[in-house]
Amino acid sequence: MLLSRVAALLLTCSAAVAKVSFPDLYEASVLELQAGLDAGHFTSVDLVKAYFARIEEVNLKGPELRAVLELNPSALSQASALDNERKKSGKRGAMHGIPILLKDNIATVASEGMNTTAGSFSLLGSVVPDDAGVVKRLRKAGAIILGKANLSEFAHFRGNLPSGWSGRGGQCTNAYFPHADPCGSSSGSGVAASIGLTAVTLGSETDGSITCPSSNNNLVGIKPTVGLTSRAGVVPISNHQDTIGPMVRSVTDAAIVLSVIAGPDPNDNFTLAQPTPVPDFTKALNANALKGKRIGVPRKVFLNDSITGNDPFVNVEFEKALDTIRSLGATVVDPADLPSAEEIAVSDNETIVLDVDFKIQLDQYYQNLKSNPSGVRSLADLIKFNDDHPDLEEPPRFEDQSELIESEATNGMNSTYFAALAFDKDLGATRGIDAALKAHNLDALVLPAQGFTTVPAAIAGYPIITVPLSFYPNNVTIQLAGPETVYPAPGVPFGLSFLGTAFSEFELVGLAFAYEQKTKTRLARKAFEEAIPKTQLADIVGK
């Protein structure tokens, strides 16, 4: 009798699961996941298990995308605790119980069971003093740290190496064409978000490192104004340019995550100068946001293929995007050139600043560690460590560390450095983005994400939001991008970038949302079949 009751109960449970419509994890949004969690259709434990299974399918097996460096051994226990909290006292907010992958230059306390290495064996087993500032905010909001994403080693500040390669992670590749360039340096974050290996991801940008992988992986990425999000606890390149932002599948998700991670942090002085209070960026999500707006096109330099190196197809699709923007009620001011454009194209001031900052700030990062088993305590030690461990850090075709060597040769903040820093601000902001905005009374600028687009915003410290624009055609000429990667390639995505002045994220989110809602480009093409994980919530719930 008892056995038949149990069997009937199991059948009822199975039928209930079958009736529930689970969100497809390839595309599932934060709000869809939150609705399912609230309804009790699945738990955060189920979500973590599903994402772990999806990573297992494609990360080191099948297409070997190498997007994820390691998983959080505490993720399931965190998820369980957050599930219990939801039952007892309700959710904390939109990120409660939502799994997030972090780029592996964003620190998490070692006691949790994960490393923070920037992809380098020189930091394997190191003990950081604390969670990064953005991680503290995510935890407070109830997010679950799912794991760490692969990246271009040291955020692509090691040398002439391909995007997406690190000593620890190997070569990360794009899910839209076998062995295609994922761009970087937030490569793993981009690839993982593109095929639903997690709900959302975080990346970092110094110059292009959120924008480019968001573009190449059919994502929405926000590179915030320097000082909107904390860099405390992030392996640095330069506090004048580094910034942390979301890389996700929709503008809505980007707004949700940015609302959580933005805000002042006493451990990062730059964040103390931001306007208060931090906006709720989801309030900017208006499908009519482009109506009546003036959007400028900085054509000089940035749309010149002979300078940018872009495939001509990018500009063909960009012209269509301008028509869409006009159709949504905006005035497109074309051209709205940056007075400094030609100087930016040939300037080496950014290199001077980054080389000096990197040595000072990386040395400080190593010295602040509680412990580091490799014994590396400085940039000089790191260079020697790489040379002493070629099997780990300098395999054939991946030996270069010229940027580390160039940075080590600098001698601190001298007059050349301060002149370069001031000139960067002049080129990027005063005679750059701000000059164009003021001269034409513009609300924002728009460009293809590819090419030199990120440079003015990088040296000015200004924001960019990137949304999907198009995909390379099937007859595009495939070219080598690195020893193991190709670009462009058929079906590989590229994005559209909206740029503005300091702390204009709220405005930019609205513009990007209006464009995204009209075009829905992300849904026009999927990753190649082998790169799409099969595991769904239906395979996990009740099992």
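Structure: see above.
Residues numbered from 1 in each chain as written. Predicted model: local features only at pLDDT ≥ 70, side-chain atom pairs only at ≥ 80, totals over all residues. Heavy atoms only, no water.

### Notes on the state of the cysteines
Taken as a whole, this structure holds 1 disulfide when the rule is applied. This cysteine, cysteine 172, is not joined by any disulfide, and cysteine 183 carries the nearest cysteine sulfur, 11 Å off. (Disulfide = S-S within 2.5 Å.)

### A closer look at unusual backbone geometry
Residue proline 335 is reached from aspartate 334 by a cis peptide bond, and omega for that bond is 5°. You can see proline 335 is positioned in the loop between strand E10 (331–333) and helix H12 (341–346). In this structure, proline 488 follows tyrosine 487 across a cis peptide bond, with omega equal to -5°. Relative to the helices and strands, proline 488 is located in the loop between strand E12 (464–471) and strand E13 (493–499). Its identity is not glycine, yet cysteine 183 carries a phi of approximately 60°, on the positive side. Mapping cysteine 183 onto the fold places it in the loop between strand E5 (170–171) and helix H7 (187–194). On the accessibility criterion, cysteine 183 (9% relative accessible area) is buried. (Helix = DSSP H or I, 4+ residues; strand = E, 2+ residues; numbered from the N terminus. Buried < 20%, exposed > 50% of the residue type's maximum accessible area, 1.4 Å probe, protein only.)

### Let's talk about the environment of valine 278
Of note, valine 278 is situated in the loop between helix H9 (251–261) and strand E9 (294–296). Judged by relative accessible area, which is 27%, valine 278 ranks as partly exposed. Each C-alpha atom of the pair valine 278 and proline 264 lies 8.7 Å from the other, and the pair is 14 residues apart in sequence. Aside from chain neighbours lying at most four places away, what touches valine 278 is Ser259, Ala262, Gly263 and Pro264. (Contact = heavy atoms within 4.5 Å.)

### A few points about the sheet that holds E13
The strands that make up a sheet are held in pairs by hydrogen bonds between backbone atoms, and each pair lies either parallel or antiparallel. Spatial ordering of the open sheet is given by E1-E3-E2-E6-E8-E7-E12-E13-E11-E9-E10, a layout of 11 strands whose pairing is mixed. Edge strands, defined here as strands with exactly one partner in the open sheet, are strand E1 (68–71) and E10. Each adjacent strand pair in this sheet contributes to an overall mean axis angle of 30°, direction not counted. Pairing of strand E11 (residues 444–448) with E13 involves 4 bridges; the strand directions are antiparallel. Looking at E13, one finds that proline 448 is bridged to leucine 496. Relative to the sheet, H7 contacts strand E2 (99–103), strand E3 (144–149), strand E6 (200–205) and strand E8 (243–248), its axis offset from that of E6 by approximately 155°. (Pairing = 2+ DSSP bridges. Axes fitted to C-alpha atoms, helices over the stretch in contact; angles between N-to-C directions.)

### What to know about helix H3 (residues 44–58)
Taking 1.5 Å per residue as the helical rise, H3 with its 15 residues ought to reach 21 Å, and the 22 Å between its terminal C-alpha atoms agrees with that figure. Burial analysis of H3 places 11 of its 15 residues in the buried class, which makes it a mostly covered element. Among the structural elements, helix H2 (30–39), E1, helix H4 (75–89), E2 and E3 are those in contact with the buried residues of H3. Among the residues of H3, the N-terminal cap falls to threonine 43, whose side-chain oxygen and the backbone nitrogen of valine 45 are separated by 3.3 Å. (Expected span 1.5 Å × (residues − 1). Polar contact = N/O pair within 3.5 Å; in protein donor to acceptor, adjacent residues only side chain to side chain.)

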